[in-house]
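# Observations on chain architecture
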Amino acid sequence: MSLFPTPGVKFEQVYVEAAGLSGVSAKEIKFAPSISGIIAQKPYGSVNAKGLFKGDVLISVKSGSRTEAGLERQKLEISAQKISLQDLHDMTRLPVMMKGNLNLETIAMVDLTLSEQPDVDVNLSVSQFELPPANVMTPMGPLTMPDLRLSSIEIKGRLAGGKLIIESGQIGKDGDELRGTVSGNLDLSLTNVGGAITPILGGYDFKLDLRAKRNFQDRAALFLSFIDNYKTATPDGAQFKFRISAASTMIPPTIGAAR
C-alpha cells in the first residue's frame, strides 16, 4: 500500500473465485483511487491488471459530461491487450469455444444507475482467431458450425440510444479461407437491477459481403446453404452478399439480398 505521491494498493499473484464463475487469476493488480474522487466520494481512479486472461487491462473512471436531462455521468475508459479468448470462454462458459488474442479500446459516457443508456465508442480486434467445429442452438434449431481460422477480425462501432451500431467490420484478410465485411446494428440496452448490469438483446439488421474459398465451401456446405441464393462464383470460390435481419433474437431471421 502507498499514500504518496498518490494513494494506491497493489496485489500480486491474485486468484478469485465467485459463485457461477470459474477461478480468475492475474499476476498483478493495482488500484489507484483519485484524490478528487475520494473528496467527492465518487468511484474515480484506475485499475491496472497484468496477466488477466493472459493479457493486460487498464480501466480508468473520471468525471464525465452530463446528459441533456442533467444526469451526472462518468467517463469510463477500458484498454485491453492480448486477452486470451479461450480463457474468457473458460471463465464465462460461453456455448462456443473460441481462440485468439483480443485487443479492445473503448471510451464510454455512462450513468452508473443506467437511468439513461450509455454512449460508448468501441474499437475491437482479434488476431489468430480460431473457431473449432461446434453445434450452436439458433431460433432455427441446432446449427453445425464448421471449423474456421482467420488471421484477424477488426470491428469499429458505437453503442448509443440502446443500439449497437457496427460502422465497419473486417473479417479475415487476403489469403484467409473466409474474408469479407460486415455492417449494421443490433438493439442492445443495459439494465441495472440490484447492482447487477444485464444486457437485453432485441432486433438486428446486418449486411455482409463474404468471399469463401472452395475448401471452406466444402466444409461449410450446410451452413452456406442458407445463403446459396446470394452466391456469385469467383475464380477461387464464391462471393456471398446478403442481408440478415429479425425483430428479435428469439425468432428465425429473414435473409435477403444486400442493397
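All values reported here derive from a predicted model rather than from experimental measurement.

### Regarding the overall build of the chain
Secondary structure summary: the chain contains four helices and 16 strands in total. Expressed as a percentage of the 259 residues in the chain, the buried residues total 33%. Residue pairs at least 24 apart in sequence account for 46% of intrachain contacts in the chain once pairs closer than 6 positions are excluded. Summed over all atoms, the accessible surface of the chain reaches about 15400 Å², with 58% contributed by carbon and sulfur.

### Notes on the nonpolar core
One finds Phe129, Leu150, Leu178, Phe206 and Phe240 to be the most contacted residues of the largest nonpolar core, which totals 39 residues. Ranked by residue count, the leading element in this core is strand 13 (residues 196–213), at five residues. Contact partners of Leu178, with chain neighbours within four places excluded, come to Leu148, Leu150, Ile171, Gly172, Leu210, Arg211, Ala212 and Phe216.

### Observations regarding the pairing of strand 10 (residues 148–160)
Where strand 7 (residues 119–131) and strand 10 come together, 11 bridges link them in antiparallel fashion. What sits directly across from Leu131, in strand 10, is Leu148. Of the strand pairs in this sheet, strand 10 and strand 11 (residues 163–171) are connected by eight bridges, and their pairing is antiparallel. By the bridge assignment, Ala160 is partnered in strand 11 with Lys163.

### Let's talk about the pattern of salt bridges
For the structure shown, the criterion picks out 15 salt bridges. The residue Glu77 makes a salt bridge to Lys75 at a minimum N-O spacing of 3.9 Å. The class for Lys75 is partly exposed, based on a relative accessible area of 27%. Residues Asp147 and Arg219 are paired through a salt bridge, measuring 3.0 Å at the closest nitrogen-oxygen approach. Pair noted here: Asp147 is in the loop between strand 9 (141–145) and strand 10 and Arg219 is in helix 3 (residues 214–219), with a separation of 72 residues, a long-range link. Look at Arg219 and you get partly exposed, because its relative accessible area is 34%. Where salt bridges share partners, they join Lys62, Lys75 and Glu77 into one cluster.

### Description of the side chain of His89
Within the fold, His89 resides in helix 2 (residues 85–92). His89 gets classed as buried once you look at its relative accessible area, which sits at 14%. With residues near it in sequence (within four places) discarded, His89 still touches Leu94, Val96 and Met97.

### Things to note about the side chain of Gln74
Along the chain, Gln74 turns up in strand 5 (residues 74–84). With relative accessibility at 6%, the residue Gln74 sits in the buried group. Setting aside anything within four residues of it in sequence, one finds Gln74 in contact with Tyr44, Val61, Lys62, Gly64, Ala108, Met109, Val110 and Leu112.

### Observations regarding helix 2
Taken as a whole, helix 2 has its buried residues at Leu85, His89 and Met91. Buried residues of helix 2 fall within an arc of 165° about the axis and therefore sit on the same side. Looking at the residues trailing helix 2, positive phi occurs at Arg93, about 60°.

Conventions used here
Residues numbered from 1 in each chain as written. Predicted model: local features only at pLDDT ≥ 70, side-chain atom pairs only at ≥ 80, totals over all residues. Heavy atoms only, no water. Helix = DSSP H or I, 4+ residues; strand = E, 2+ residues; numbered from the N terminus. Buried < 20%, exposed > 50% of the residue type's maximum accessible area, 1.4 Å probe, protein only. Contact = heavy atoms within 4.5 Å. Areas by Shrake-Rupley, 256 points an atom, 1.4 Å probe, with all protein chains shown as cover. Core = buried A, V, L, I, M, F, W, Y, C linked by side-chain atoms within 4.5 Å. Pairing = 2+ DSSP bridges. Salt bridge = Lys/Arg side-chain N within 4 Å of Asp/Glu carboxyl O. Arc of directions from axis to C-beta.

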